Amino acid sequence: MPLLTNERLSKTVADDLQHKIIRDKLTVGAQLPTEPELMEEYGVSRTVVREAAACLVSRGVVDVRPRRGMTVRAPDGKGLAETLVAQLQMSKVSLPQLLQVRSVLESAIVELAAAQRTSEDINKLHGNLERMKATDLDRPEAIKVDLEFHDLLAAATHNPFFTLVSRPITELLY
């Protein structure tokens, strides 16, 4: 058996906790065991448990708060978006390449959204377009409203993967 380092132990603990969250279908806000309980359950140090928690936070799986401990977080794709944006920036993707990917992806999103949208989706999109027409929007607010439009369009597909994939591309463009 290979010697396990603290990094490997923390990843093993994080992977196992994530598997339990998914397997046991824990709901958003569900409390996970405390640090001492996890230390005992896995036979590891407090450092390993904290590194595992940090790993799960970076994956967007849990939130950790003092005196509240670790709780299951709602999937929002922020961890994925931040990671993908960093990877895209480091790979020196050109603007034309990024626009090409966005064009292909958004064409599919528009087509699917048109087929899957609900009246609530249409109302949200109309509301967003009305806010875009406002002449008093400053640049940060205009960017926020535009980003929301692309999120609403992706959400109208009723396939959360489109939001998870398109959001980092939109953020990188800004």
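Relevant structure appears above.
Residues numbered from 1 in each chain as written. Predicted model: local features only at pLDDT ≥ 70, side-chain atom pairs only at ≥ 80, totals over all residues. Heavy atoms only, no water.

Describing the environment of Ala134
In plain terms, the rule: Here a helix means four or more residues in a row that DSSP labels H or I, a strand means two or more in a row labelled E, and each is numbered from the N terminus. Exposure categories follow from relative accessible area, calculated using a 1.4 Å probe and restricted to protein chains: below 20% of the type maximum is buried, above 50% is exposed, and the middle band is partly exposed.
For Ala134, the position within the fold is in the loop between α6 (119-133) and α7 (139-155). The class for Ala134 is partly exposed, based on a relative accessible area of 31%. Linking Ala134 and Ala74, residues 60 residues apart in sequence, is a C-alpha distance of 32 Å.

Some thoughts on the nonpolar core
Within soluble globular proteins, side chains that are nonpolar tend to cluster in buried spots. Note the following rule: In this text, buried Ala, Val, Leu, Ile, Met, Phe, Trp, Tyr and Cys residues form a nonpolar core when linked through side-chain atoms within 4.5 Å. Contacts between residues were defined by any pair of non-hydrogen atoms, one from each residue, lying within 4.5 Å.
The biggest cluster of nonpolar side chains holds 17 residues, and the ones touching the most others in it are Leu17, Ile21, Leu32, Leu56, Val62 and Met70. A total of 5 residues in this core trace back to one element, the largest contributor, which is helix α3 (residues 46-58). Setting aside residues up to four positions removed in sequence, Leu56 forms contacts with Ala14, Leu17, Gln18, Val61, Val62 and Met70. Counting 15 residues, the second-largest nonpolar core is a separate cluster that includes Val85, Leu88, Leu98 and Phe162.

Considering the side chain of Thr71
Residue placement: Thr71 occurs in strand β2 (residues 69-72). A residue is classified by how much of its surface remains accessible, and Thr71, at 2% relative accessible area, is buried. Here Thr71 is in contact with Gly29, Ala30, Gln31, Leu32, Val61, Val62 and Asp63, once residues within four sequence places are set aside.

Description of the packing of α7 against helix α8 (residues 160-173)
Rules: For helices, the fitted line uses only the C-alpha atoms of the stretch in contact; every axis is such a line through C-alpha atoms, and the angle between N-to-C directions lies from 0 to 180 degrees. Throughout this description, any angle smaller than 35 degrees is read as roughly parallel, any larger than 145 degrees as roughly antiparallel, any in the 65 to 115 degree range as roughly perpendicular, and the remainder as oblique. Crossing chirality is assigned from the near helix's rotation relative to the far helix, an anticlockwise turn below a right angle marking it left-handed and a clockwise turn marking it right-handed. Nonpolar residues are Ala, Val, Leu, Ile, Met, Phe, Trp, Tyr, Cys and Pro. Charged residues are Asp, Glu, Lys and Arg, and all others, Gly as well, are polar.
Running from amino to carboxyl end, α7 crosses α8 at an angle of 160°, the nearest separation of the two axes being 9 Å. Taken together, the axes of α7 and α8 lie roughly antiparallel to each other. Two packed elements cross with a definite hand, and for α7 against α8 that hand is right-handed. Residues Leu147, His150, Asp151, Ala154 and Ala155 of α7 pack against Phe162, Thr163, Ser166, Arg167, Thr170 and Glu171 of α8. Counted by class, the contact of α7 with α8 contains 4 nonpolar, 4 polar and 3 charged residues.

Thoughts on α8
We apply this condition: Each residue after the first adds 1.5 Å to the expected span of a helix. In this scheme, the bend at a residue equals the angle between the axes fitted to the seven residues that finish there and the seven that begin there.
The end-to-end C-alpha separation of α8 is 21 Å, in line with the 20 Å expected for 14 residues at 1.5 Å each. Of all the bends found along α8, the most pronounced is centred on Ser166 and spans about 25°, while Pro168, a proline, follows it within four residues. For α8, the full list of buried residues reads Phe162, Ser166, Pro168, Ile169, Thr170 and Leu172.

Quick notes on the pattern of salt bridges
The condition that has to hold: A pairing counts as a salt bridge when a side-chain nitrogen of Lys or Arg comes within 4 Å of a carboxyl oxygen of Asp or Glu.
Scanning the model with the defined rule gives 11 salt bridges in all. A salt bridge links Lys20 to Glu41; the nearest nitrogen and oxygen atoms lie 2.4 Å apart. With Lys20 in helix α1 (residues 6-23) and Glu41 in helix α2 (residues 35-42), this pair connects stretches of sequence that are 21 residues apart. Salt-bridge contacts for Lys124 lead to Glu120; the nearest nitrogen and oxygen are separated by 3.3 Å. Separated by 4 residues within a single helix, Lys124 and Glu120 lie in helix α6, roughly one turn from each other. Since its relative accessible area comes to 42%, Lys124 is described here as partly exposed. Classification of Glu120 by relative accessible area gives partly exposed; the value is 48%. Each of Lys11, Asp15 and Arg59 takes part in salt bridges that share partners, so that together they form one network.

Read these as spatial facts, not as claims about activity.
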